[in-house]
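In case you want the letters, here they are:
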Amino acid sequence: MSASITREDWGSASGPVDRYLLDNGAGLRAAVLTHGGVLQSLEVPDRTGATANVVLGFDRLQGYLDNPGPYFGALIGRYGNRIAQGRFELDGTTYQLPINNGPSSLHGGASGFDQRLWSATTVDEALELRLVSPDGDQGYPGALSVTVRYSVTVDNALRIDYEATTDAPTVVNLTNHSYFNLAGEGSGDIYDHRLRINATHFTPVDADLIPTGDFHPVARTPMDFREPVAVGERIRTGDAQLAHAGGYDHNWMLDGPSGELSPAAHVTEPTSGRTLTVSTTQPGLQFYSGNFLDGTITGTSGRLYRQGDGLALETQHYPDSPNQPAFPSTVLRPGETHRSTTVFQFGVSAT
Ligand code: BGC
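Residues numbered from 1 in each chain as written. Predicted model: local features only at pLDDT ≥ 70, side-chain atom pairs only at ≥ 80, totals over all residues. Heavy atoms only, no water.

### Section: the pairing of strand 1 (residues 4-12)
Here strand 1 runs beside strand 2 (residues 16-23); their pairing, made up of seven bridges, is antiparallel. Looking across to strand 2, one finds that Asp-9 is bridged to Asp-18. Linkage of strand 1 to strand 2, two consecutive antiparallel strands, is achieved through a turn of three residues. (Pairing = 2+ DSSP bridges. Helix = DSSP H or I, 4+ residues; strand = E, 2+ residues; numbered from the N terminus.)

### Regarding the sheet that holds strand 18 (residues 194-197)
Across the sheet, which stays open at both edges, the nine strands sit in the order 11-12-13-14-30-24-23-18-21 with antiparallel pairing between neighbours. Since the sheet does not close on itself, it has two edges, and those belong to strand 11 (119-123) and strand 21 (229-230), each with one partner. Here strand 24 (residues 274-280) runs beside strand 30 (residues 338-348); their pairing, made up of seven bridges, is antiparallel. Note on strand 30: the bridge partner recorded for Leu-276 is Phe-346.

### Observations concerning the nonpolar core
When a protein is soluble and globular, its nonpolar side chains tend to lie buried together. Leu-42, Tyr-150, Trp-252, Phe-287, Leu-313 and Phe-346 are the most contacted members of the largest nonpolar core, which totals 57 residues. Counting residues per element, this core draws most heavily on strand 13 (residues 144-153), at five residues. With 19 residues, the next largest nonpolar core counts Trp-10, Leu-33, Tyr-71 and Phe-72 among its residues. (Core = buried A, V, L, I, M, F, W, Y, C linked by side-chain atoms within 4.5 Å. Buried < 20%, exposed > 50% of the residue type's maximum accessible area, 1.4 Å probe, protein only.)

### A look at the side chain of Asn-81
Looking at the secondary structure, you find Asn-81 in the loop between strand 6 (74-76) and strand 7 (82-83). Looking at Asn-81, the relative accessible area reads 3%, which means it is buried. Dropping the residues within four chain positions of it, Asn-81 is found in contact with Ser-105, Leu-106, His-107, Gln-286, Gln-316 and Pro-319. (Contact = heavy atoms within 4.5 Å.)

### So, the site of the ligand
The immediate surroundings of the ligand are formed by 13 residues, with Arg-82, His-177, Asp-249, Phe-292 and Glu-314 found nearest. Measuring from an oxygen atom of the ligand, one finds a side-chain N or O atom of Asp-249 at 2.4 Å. Isolated, the ligand exposes 310 Å² of accessible area, and the fraction of that covered by the protein chains is 96%. Tallied by class, the residues present in the shell around the ligand amount to five nonpolar, five polar and three charged. (Near = heavy atom within 4 Å. Polar contact = N/O pair within 3.5 Å; in protein donor to acceptor, adjacent residues only side chain to side chain. Areas by Shrake-Rupley, 256 points an atom, 1.4 Å probe, with all protein chains shown as cover. Nonpolar A, V, L, I, M, F, W, Y, C, P; charged D, E, K, R; others polar.)

### A short note on the packing of aromatic side chains
Here the structure, examined in full by the defined rule, presents 20 aromatic pairs. A centroid spacing of 5.0 Å and a plane angle of 90 degrees characterise the contact between Phe-58 and Tyr-64, whose relative ring orientation is edge-to-face. Note on accessibility: Phe-58 and Tyr-64 belong to one class, buried. Their ring planes at 45 degrees and their centres at 5.3 Å tell us that Phe-180 and Phe-344 sit as a pair that is tilted. Residue Phe-180 is found in strand 17 (residues 179-180), and its partner Phe-344 is found in strand 30; the two are separated by 164 residues along the sequence. This pair shows no difference in class: Phe-180 is buried, exactly as Phe-344 is. Linked through ring pairs, Trp-10, Phe-58, Tyr-64, Phe-72, Tyr-179, Tyr-288, Phe-292 and Tyr-305 together constitute an aromatic cluster. The ring of Phe-225 has Arg-234 lying over it, and the distance from NZ or CZ to the ring centre is 5.2 Å. (Phe/Tyr/Trp six-rings, centres within 6.5 Å; stacked < 30°, edge-to-face > 60°. Lys NZ or Arg CZ within 6 Å of the ring centre and 35° of its normal.)

### Some remarks on unusual backbone geometry
Cis geometry marks the peptide bond from Gly-77 to Arg-78; its omega dihedral reads 0 degrees. Mapped onto the secondary structure, Arg-78 falls in the loop between strand 6 and strand 7. Positive phi outside glycine occurs at Tyr-71, with the angle close to 55 degrees. Mapping Tyr-71 onto the fold places it in the loop between helix 1 (61-66) and strand 6.

### Some thoughts on the environment of Ala-30
Following the sequence through the fold, Ala-30 ends up in strand 3 (residues 29-33). On the basis of relative accessibility, which here comes to 1%, the residue Ala-30 falls in the buried class. In this structure the C-alpha to C-alpha distance between Ala-30 and Ser-12, which are 18 residues apart in sequence, comes to 20 Å. Not counting chain neighbours up to four residues away, the residues in contact with Ala-30 comprise Tyr-20, Leu-21, Leu-22, Leu-39, Ser-41, Leu-42, Val-152 and Leu-158.

### A short note on the pattern of salt bridges
As enumerated under the stated definition, the model contains 13 salt bridges in all. Salt-bridge contacts for Asp-91 lead to Arg-333; the nearest nitrogen and oxygen are separated by 2.9 Å. Placement of the pair is Asp-91 in the loop between strand 8 (87-90) and strand 9 (93-96) and Arg-333 in the loop between strand 29 (331-332) and strand 30, with a sequence separation of 242 residues. Overall, Arg-333 belongs to the partly exposed group, its relative accessible area being 31%. Residue Asp-224 pairs with Arg-226 through a salt bridge whose shortest N-O separation is 2.8 Å. Take Asp-224: its relative accessible area is 16%, and that puts it in the buried class. The class for Arg-226 is partly exposed, based on a relative accessible area of 37%. A network of salt bridges, in which partner residues are shared, links Arg-7, Asp-9 and Asp-18. (Salt bridge = Lys/Arg side-chain N within 4 Å of Asp/Glu carboxyl O.)

See below:
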């Protein structure tokens with residue numbers, strides 16, 4: 001069987017919403033919504049060949065409209081993660097963004113790209129989503145034109161290519177906010193998933209989860225994932241750095257050469273045998289262990305999502321980069337094209 005993309009109606013938000021099914025013909029099926037560019041479902045095989053949906057979400061559009069807070073599967077923009085005080089300076093002008101998370105602006109503001117209706121076309125066996133964010137949208141300068149391309153490959157990978165251009169200087173940090181559970185969405189917590197992160201340093205944060213500006217070695221800290229570690233191992237021991245965030249909610253500085261597609265993280269789930277390798281051109285990885293899920297949301301298969309029931313591996317620039325001169329720049333100027341690629345490669349392990 002070869003790859004296919006099909007479309008179906010999926011209700012209405014600020015306009016009619018479509019759901020696109022990308023089927024690689026070899027066991028991987030992705031469902032993507034034009035609402036928020038949400039990766040609504042992602043079926044992949046386990047070591048016996050049985051498929052399960054490995055991302056958290058909802059079975060109806062209304063779930064996404066009623067519960068934007070966790071950003072399940074959504075495209076995030078204009079700026080993934082936090083900007084301190086929702087404020088930054090660019091070329092001598094100070095911009096104030098709406099505050100929507102404690103004292104910070106999170107994931108592009110109260111009405112981020114996760115809540116927009118994207119236009120969709122299929123191009124070369126990929127689903128191409130487009131959005132134009134007008135000048136001043138959520139406080140950000142410049143009209144930003146964004147293209148995000150979802151594609152699936154025969155070797156069970158989901159690839160996401162991002163592109164953006166602007167008509168005035170601005171900042172941009174795009175990502176996808178999928179929560180994975182390789183044992184299957186709704187099957188319980190991810191604390192036994194084993195995680196490796198290709199990073200020797202991370203960016204420590206203050207009480208509001210804003211980077212202090214330091215680059216800290218992972219060695220001898222709970223952030224050391226250079227060798228595979230069960231996600232829950234150090235959360236369960238109540239380590240102070242993790243306790244204040246309720247688990248992991250930190251940015252790792254990836255060792256791979258920024259700008260080139262290189263491995264960022266590897267996850268294995270012992271029971272199903274499913275594995276996930278995340279590769280990216282981005283300099284950072286926000287590993288978030290689903291700390292704010294609190295058992296109040298019912299997910300796709302009708303089960304409650306509790307703390308730790310999914311983990312997000314958000315490939316992106318470091319949080320608060322517009323206020324941190326030592327971090328890789330997120331500034332985009334007219335005439336430049338912002339580009340990044342992330343590949344989620346699935347597989348199985350024998351043991
Ligand atoms: C952030 C978390 C936040 C979560 C859901 C993650 O990217 O790092 O702090 O709670 O998104 O909004």
